[in-house]
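Observations on the three-dimensional arrangement
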Amino acid sequence: MEKILRTVAVYVLILVLFRLAGKRGLAGLNTFDMVVIFLLSNVVQNAIIGNDNSLLGGAIGAATLVAVNAGITRLLARDPRAARILEGGATTVVKDGALVPGALHELALRPSELEHAIRMQSGDGLDEVARARLEPDGQLLVELKEGEQNASRRDVEDLRRRLENIERLLTVIADDRRPPR
């Protein structure tokens, strides 16, 4: 029972630490983030299972971590209020092609990360962005302005129909210009 309680306590502590650190920590793992995660797992190992190096002790800690995480995930999926409290809300970083003052600094995002997200989501630059926001899960979502978006299937289908109409008209015109036999 002690191992279970210790595991839950460490889980909650790490959850709070990551929540306080903000969404940026989840946006994309760089080398520094990976070092922190590796060291953090080593630092909390003894806090979870204590001096017990047995297979059973490790199994209890691992099973408790997975169970607590599954429970939290299900809670967040069912309860929007819990999700808001534990994950926070989205933060807008670009609005109408301009940076929201202080947003990148507040989230510890580099302009190059924002530019990369814009390119990955079919944009060429900040001026093409209607809105960009960092979601609670760390994803940077970019909405391009109406005229800057890629063609949709509906757009392509509309163009196909228009081309078919043009081909029909050209065939009619060509038939009208042929000399009679």
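Residues numbered from 1 in each chain as written. Predicted model: local features only at pLDDT ≥ 70, side-chain atom pairs only at ≥ 80, totals over all residues. Heavy atoms only, no water.

**Some points on the side chain of E113**
Note that E113 resides in helix α7 (residues 111-120). Polar contacts involving the side chain of E113 include one to the main-chain amide nitrogen of R110, which spans 2.8 Å. (Helix = DSSP H or I, 4+ residues; strand = E, 2+ residues; numbered from the N terminus. Polar contact = N/O pair within 3.5 Å; in protein donor to acceptor, adjacent residues only side chain to side chain.)

**Examining the pairing of strand β1 (residues 91-95)**
As judged from the four bridges shared by β1 and strand β3 (residues 129-134), these two strands associate in the antiparallel manner. The residue of β3 that forms the bridge with V94 is A132. Sheet topology note: the β1/strand β2 (residues 98-99) ladder contains two bridges and is antiparallel. Directly across from V94, in β2, lies its bridge partner L99. Count of turn residues in the β1/β2 antiparallel hairpin: two residues, of which D96 carries a positive phi of about 50°. (Pairing = 2+ DSSP bridges.)

**A short note on the pattern of salt bridges**
Tallied over the entire structure, the rule returns nine salt bridges. R110 is paired through a salt bridge with E113; the nearest N and O atoms lie 3.9 Å apart. Taking the relative accessible area as the measure of exposure, R110 reaches 44% and is therefore partly exposed. With a shortest N-O distance of 2.6 Å, R133 and E143 are connected by a salt bridge. With R133 in strand β3 and E143 in strand β4 (residues 140-144), the pair connects residues that are ten residues apart, well separated along the chain. (Salt bridge = Lys/Arg side-chain N within 4 Å of Asp/Glu carboxyl O. Buried < 20%, exposed > 50% of the residue type's maximum accessible area, 1.4 Å probe, protein only.)

**A few points about the environment of E115**
The residue E115 is located in helix α7 in this model. Put simply, E115 and I60 are 55 residues apart on the chain and 44 Å apart in space, counted from C-alpha to C-alpha.

**A word on the sheet that holds β4**
Here four strands make up an open sheet; going across it, the order is β2-β1-β3-β4 and the pairing antiparallel. Two strands in the sheet have a free side with no partner beyond their single neighbour: β2 and β4. Those strands touched by α7 are β1, β2, β3 and β4, and its axis lies near 55° from that of β4. (Contact = heavy atoms within 4.5 Å. Axes fitted to C-alpha atoms, helices over the stretch in contact; angles between N-to-C directions.)

As far as function goes, none of this settles anything; it's purely spatial.
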